[in-house]
Amino acid sequence: MRTTRRQFIKVSALGAGSLAVAASTLKWSAASSLFAGADASQAFTRSPTYCEVCFWQCAGWVYKDNDGRIQKIVGNDEDLHCNGRFCPRGTGGVGMYHDTDRLKTPLIRTVVDGEETFRVAGWDEALDYIAARMKEIASRYGPECVALFTHGSGGAHFGHMLKAFGSQSITAPSFAQCRGPREVAFLTTFGDIVYSPERTDIRDTKCLVLIGSHLGENMHNGQVQEMSDAIDKGATIITVDPRFSTVAGKSKFWLPIKPSTDMALLLAWIHVLIENGWYDKEYVERYTYGFEELKAHVKPFTPEWAYGITTIDPHVIRQTAKEMFNASPAVIIHPGRHVTWYGDDTQRLRAVAILNALLGSWGRRGGFYNPEKAEVPEYPVPPFPQPKRMPTEAYEGKYTLANEVVSNGLCEATIPTTDKSCNFKIWFVNGTNLMAALPDQETTLKAIDALELMVVIDTMPTEITGYADVILPECTFLERYDMLRKSPHREPNIALRMPATEPKYNSKPADWMARELGIRLGLEAWFPWNNIEEMLDWQLKQIGSSLEEMKRIGVKKFPRTADDLYFAPGEDISFNTNTGKIELYSTDMENEGFNPLPVYTPHEEPPEGFYRLIYGRAPMHTFSRTANNPNLTDLMDENTLWVNPKVAKMWGLKSGQYVKLSNQDNKVSTFSIRVRVTERIRWDSVYMVHGFGHNNTKLSRAHGRGVNDTELITRVKIDPVMGGTGMRGNFVTFVFDTDGKEAAV
Ligand SMILES: Nc1nc2c(c(=O)[nH]1)N[C@H]1C(S)=C(S)[C@@H](COP(=O)(O)OP(=O)(O)OC[C@H]3O[C@@H](n4cnc5c(=O)[nH]c(N)nc54)[C@H](O)[C@@H]3O)O[C@H]1N2
Ligand SMILES: Nc1nc2c(c(=O)[nH]1)N[C@H]1C(S)=C(S)[C@@H](COP(=O)(O)OP(=O)(O)OC[C@H]3O[C@@H](n4cnc5c(=O)[nH]c(N)nc54)[C@H](O)[C@@H]3O)O[C@H]1N2
Ligand code: SF4
Ligand SMILES: [Mo]
């Protein structure tokens, strides 16, 4: 067993050399022909899947040539998420399959000559080992000591295993590091969440307001397509962003707001709408609660007041408010998605929800539609045991309005303290590179250090695998089944993922791993099927389909159960809130001791010589997961640092030169980043794309390329309402160390 602090191990196992050699002899032709177009003389077979390169989960077809090699992946025409078109990342997704740096076999942490390393293990050995350790550790702490961190399809399988074992501590970074604040804000206002894909009716909107939501770089497929159609039909786009984003270039108005001040702008907009009577009076009267309180509350928040805070011209604030009103109810103040910015994010998104309510866009064409999900029965299993401790007990008394489990809450509860009995001893980490996804790496590492067992299920040797006790290599989404996709949309629909080919190397699908572990843990009763095909076929037959049919069509749509995509004119509606109304004034917030109406609080400014670190997406990459993808690195192989010319001049910085960054806590980036001098960013901030700066040398294309924003996010502002981790209160300055890299001028 480990005795010292857990060392990071680069995934190069003892005895793995032979595997690496075998891998390097693999033909590369399939992937490299992807963009060149396939040979016309080839016969193709196709099989259905849905994409795992991001969580839009577009359904598509995987094409193989007559030698059985995967050639390309294209969208399924019937699919509402993609309308037959994949985004660049999805198209390049086959690179995940071809990547020779993939995890190839199970690995177990061991000590050789005092050095920690991984040894190659067979599947039986690895799973037996995990099961034995789980039983032993649970005999001391109870099954509740196991937590699952997951982002991706495998979560369903491991989550099922965990619940059968007796723990419900299952969490994803897509809540407290991503869309949590908006879901809680919309839940407390409208009594329902925004969902994913978002219920925004962009297709028919006349005015789309994007506040720090950079659609187009944020490449959520169907949404981007709808936005482009809406623009063609003459919709107005209003973009609020300190950076001239791609979509700012397509906007009628770009409001280059001073970062962290959005709340002031939102309050001023509410003020203008109410003062001028630019709101939907009938809708507000019929459906909302607390209008008079709101009206009194926003009285002082004039555009002139907001100007001093946001730097946005009061005239522009009035003009944009009028644009929204003119388009209403076909207007969307977009709730955004990655919204954990400054720690008062739920309140900011409450202000967004209120604006939509005033304009009557919720439940209206061109505003927000009512999505419906296909009802698919679960394969019958016995009830799960009732855990002695629920996950929320990890952060008892805090984040009381969180409607999902808070990842950072479980992470912190893993660090032993004298006053808490709620400690986790085992982590399963599936499809989430926690070293990039969770801010404040020091806390993450402290928690990992306190574990007795960490099992990482991944496809690639990303950073988190280096801290594992056992690594289980999952095959890529192109080589496996998963649960049916059942996401809500305008029409209920399902999509099938099936293997296009056999798993490469010694990798396996998550469903198989979870079931095999379950059996070893004596949980057979919860895994009564022989294989996932049998389980899926049973489910599909309950809804009048079959596995055979879905293999042929990939996507199936069902009629809506009611004609309620939008509210009917004058319809009486009871909302799922305490008052049954849309709560402009939130009773939930009030009951939990938070401001029932959103207020502006100033956030810290960059110290002298420092700039606010802001980050976002590039259209051809997803977080840190694609940084090594051979097809996508061809398109972009490192991130750059956007610097305003005024700042560049002050520091003597030139486009193309490399610098390191140091943050307010003297944390210096591991690698250096290429400067891009551009007017497109305000002078008080610098910008980079998240997901680069990998330090695992086993990622041959991604290692050392660019800077990892996460390592500079040492200061986190927690949202007291729901535990979200505000990450944009970090400031950086330049360090003139090029890391040996030559300026590419
Ligand atoms: N600093 C900073 N932090 C952020 C963000 C940010 O912009 N900046 N964004 C936040 C947001 S919005 C989100 S949603 C989260 C995202 O957080 P994550 O989803 O954790 O993001 P990734 O860094 O892509 O890590 C994904 C991991 O899954 C692995 N993987 C890929 N495919 C598969 C598969 O099929 N099976 C398995 N088992 N593993 C697979 C990849 O190799 C990688 O290790 O991060 C959040 N954290
Ligand atoms: N290509 C691609 N697309 C993706 C993803 C991906 O990894 N790659 N990830 C998906 C996921 S899970 C998510 S959550 C979404 C995230 O995508 P979005 O929800 O669009 O959000 P962010 O990454 O937060 O947005 C970054 C933008 O916010 C701006 N910004 C920074 N600070 C402020 C501020 O104080 N005020 C304002 N108004 N703007 C500010 C930045 O300049 C930048 O343009 O993208 C999704 N789509
Ligand atoms: S948006 Fe792109 S990466 Fe995301 S699921 Fe769709 S095709 Fe895949
Ligand atoms: Mo996200």
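These figures come from a predicted structure and were not determined experimentally.

Procedures and definitions
Residues numbered from 1 in each chain as written. Chains lettered and ligands numbered in written order. Predicted model: local features only at pLDDT ≥ 70, side-chain atom pairs only at ≥ 80, totals over all residues. Heavy atoms only, no water. Near = heavy atom within 4 Å. Polar contact = N/O pair within 3.5 Å; in protein donor to acceptor, adjacent residues only side chain to side chain. Areas by Shrake-Rupley, 256 points an atom, 1.4 Å probe, with all protein chains shown as cover. Helix = DSSP H or I, 4+ residues; strand = E, 2+ residues; numbered from the N terminus. Nonpolar A, V, L, I, M, F, W, Y, C, P; charged D, E, K, R; others polar. Salt bridge = Lys/Arg side-chain N within 4 Å of Asp/Glu carboxyl O. Axes fitted to C-alpha atoms, helices over the stretch in contact; angles between N-to-C directions. Parallel < 35°, antiparallel > 145°, perpendicular 65-115°, else oblique. Left-handed = near helix turned anticlockwise from the far one by under 90°. Contact = heavy atoms within 4.5 Å. Pairing = 2+ DSSP bridges. Phe/Tyr/Trp six-rings, centres within 6.5 Å; stacked < 30°, edge-to-face > 60°. Buried < 20%, exposed > 50% of the residue type's maximum accessible area, 1.4 Å probe, protein only. pLDDT = per-residue confidence, 0-100. Domains from an automatic or database assignment. Buried area = accessible area lost by both parts, 1.4 Å probe.

## With respect to the site of ligand 1
So, step 1. Taken together, 30 residues form the shell around ligand 1, and within it His 151, Thr 432, Asp 458, Thr 462 and Ser 624 come nearest.
So, step 2. A distance of 3.1 Å separates an oxygen atom of ligand 1 from a polar backbone atom of Asn 433.
So, step 3. Ala 437 is positioned with one of its backbone polar atoms (N or O) 2.8 Å from a nitrogen atom of ligand 1.
So, step 4. Coverage of ligand 1 by the protein chains reaches 98% of its 920 Å² of free accessible surface.
So, step 5. At the level of elements, helix 7 (173-190), helix 16 (434-437), strand 14 (453-458) and helix 24 (709-712) are the ones that each hand at least two residues to the shell around ligand 1.
So, step 6. Looking at the shell around ligand 1, the element that brings in the most residues is helix 7, giving 3 residues.
So, step 7. Along the lines of polarity and charge, the residues of the shell around ligand 1 split into 11 nonpolar, 12 polar and 7 charged.

## Some remarks on the pattern of salt bridges
So, step 1. Applying the stated criterion across every chain yields a total of 53 salt bridges.
So, step 2. Note that Arg 140 is salt-bridged to Glu 136, the shortest N-O span being 2.8 Å. You can see Arg 140 and its partner Glu 136 sitting in helix 5 (residues 123-141), 4 residues apart, about one turn around the helix.
So, step 3. Between Glu 372 and Arg 560 there is a salt bridge, and its shortest N-O distance comes to 3.9 Å. Of this pair, Glu 372 sits in the loop between helix 14 (345-358) and helix 15 (407-413) while Arg 560 sits in the loop between strand 17 (555-557) and strand 18 (582-583), placing them 188 residues apart in sequence.
So, step 4. Here the salt bridges share partners, and the residues they tie into one network are Arg 179, Arg 182, Glu 183, Glu 198, Arg 337 and Glu 404.

## Focus: the packing of helix 7 against helix 14
So, step 1. It is at 8 Å that the axes of helix 7 and helix 14 come closest, and there the two elements cross at 45 degrees. As judged from the angle between their axes, helix 7 and helix 14 are oblique. In the crossing of helix 7 with helix 14, the sense of the turn from one axis to the other is right-handed. Where helix 7 approaches helix 14, its residues Pro 181, Arg 182, Val 184, Ala 185, Phe 186, Thr 188, Thr 189 and Phe 190 are matched on the opposing element by Asp 345, Thr 346, Leu 349, Arg 350, Val 352, Ala 353, Asn 356 and Ala 357.
So, step 2. Grouping the amino acids of the contact of helix 7 with helix 14 by side-chain chemistry returns 9 nonpolar, 4 polar and 3 charged.

## A few points about the sheet that holds strand 12 (residues 331-333)
So, step 1. With parallel pairing, the 4 strands of this open sheet are ordered in space as 10-9-8-12. Edge positions in the sheet fall to strand 10 (253-255) and strand 12, since each has one partner strand and no second. The average undirected angle you get between the axes of adjacent strands in this sheet is 10 degrees.
So, step 2. Where strand 9 (residues 236-240) lies against strand 10, 3 bridges are found, and the strand directions are parallel.

## Overview of the packing of aromatic side chains
So, step 1. Following the criterion strictly, the structure yields 27 aromatic pairs and no others.
So, step 2. For the pair Phe 158 and Phe 428, a centre-to-centre distance of 5.9 Å together with 35 degrees between the ring planes defines the contact as tilted. On the criterion of sequence distance, the pair formed by Phe 158 in helix 6 (residues 154-165) and Phe 428 in strand 13 (residues 426-430) is long-range, its members being 270 residues apart. Phe 428 shares its class with Phe 158; the two are buried.
So, step 3. Relative to Phe 368, the ring of Phe 186 lies with its centre 5.9 Å away and its plane at 45 degrees, an arrangement referred to as tilted. Of this pair, Phe 186 sits in helix 7 while Phe 368 sits in the loop between helix 14 and helix 15; the two residues are 182 residues apart in sequence, bridging distant segments of the chain.
So, step 4. For Phe 186, a relative accessible area of 0% puts it in the buried group.
So, step 5. Residue classification places Phe 368 among the buried residues on the basis of a relative accessible area of 1%.

## A few points about the confidence of the model for the chain
So, step 1. Across the chain, the average pLDDT comes to 93, with 94% of residues at 70 or higher.
So, step 2. Across residues 12-38 the pLDDT falls below 50, and counting only partners more than four positions away or on other chains, this stretch makes 42 contacts in the model.

## Some remarks on the domain arrangement of the chain
So, step 1. Domains assigned within the chain are domain 1 (195-369) and domain 2 (611-735).
So, step 2. Tallying the contact residues gives 25 residues for domain 1 and 26 residues for domain 2.
So, step 3. Where domain 1 abuts domain 2, roughly 1,900 Å² becomes buried across the two surfaces, and 54% of that area is made up of carbon and sulfur atoms.
So, step 4. If you look at where domain 1 meets domain 2, you find 0 salt bridges.
So, step 5. Between domain 1 and domain 2 we count 12 residue pairs in polar contact (both at pLDDT 80 or more) in total.
So, step 6. Partitioning the side of domain 1 that touches domain 2 into residue classes produces 8 nonpolar, 12 polar and 5 charged.

## What to know about the site of ligand 2
So, step 1. Neighbouring residues of ligand 2: 33 residues in total, closest His 214, Asp 241, Asp 262, Tyr 342 and His 621.
So, step 2. Within the side chain of His 214, one N or O atom sits 2.8 Å away from an oxygen atom of ligand 2.
So, step 3. Asn 218 is positioned with one of its side-chain polar atoms (N or O) 2.8 Å from a nitrogen atom of ligand 2.
So, step 4. Surface burial for ligand 2 is 99%, taken as the share of its 920 Å² of free accessible area covered by protein chains.
So, step 5. No other element matches the 3 residues that strand 19 (residues 611-616) contributes to the shell around ligand 2.
So, step 6. Looking at side-chain class alone, the shell around ligand 2 contains 15 nonpolar, 10 polar and 8 charged residues.
So, step 7. Two domains each put at least three residues into the shell around ligand 2: domain 1 (195-369) and domain 2 (611-735).

## Description of the pairing of strand 3 (residues 70-75)
Consecutive side chains along a regular strand alternate between the two faces of the sheet.
So, step 1. When strand 2 (residues 59-64) meets strand 3, the two strands line up antiparallel, connected through 5 bridges. The residue of strand 3 that forms the bridge with Trp 61 is Val 74.
So, step 2. Here strand 2 hands over to strand 3 after 5 residues, with Gly 68 in that stretch at a positive phi of 80 degrees.

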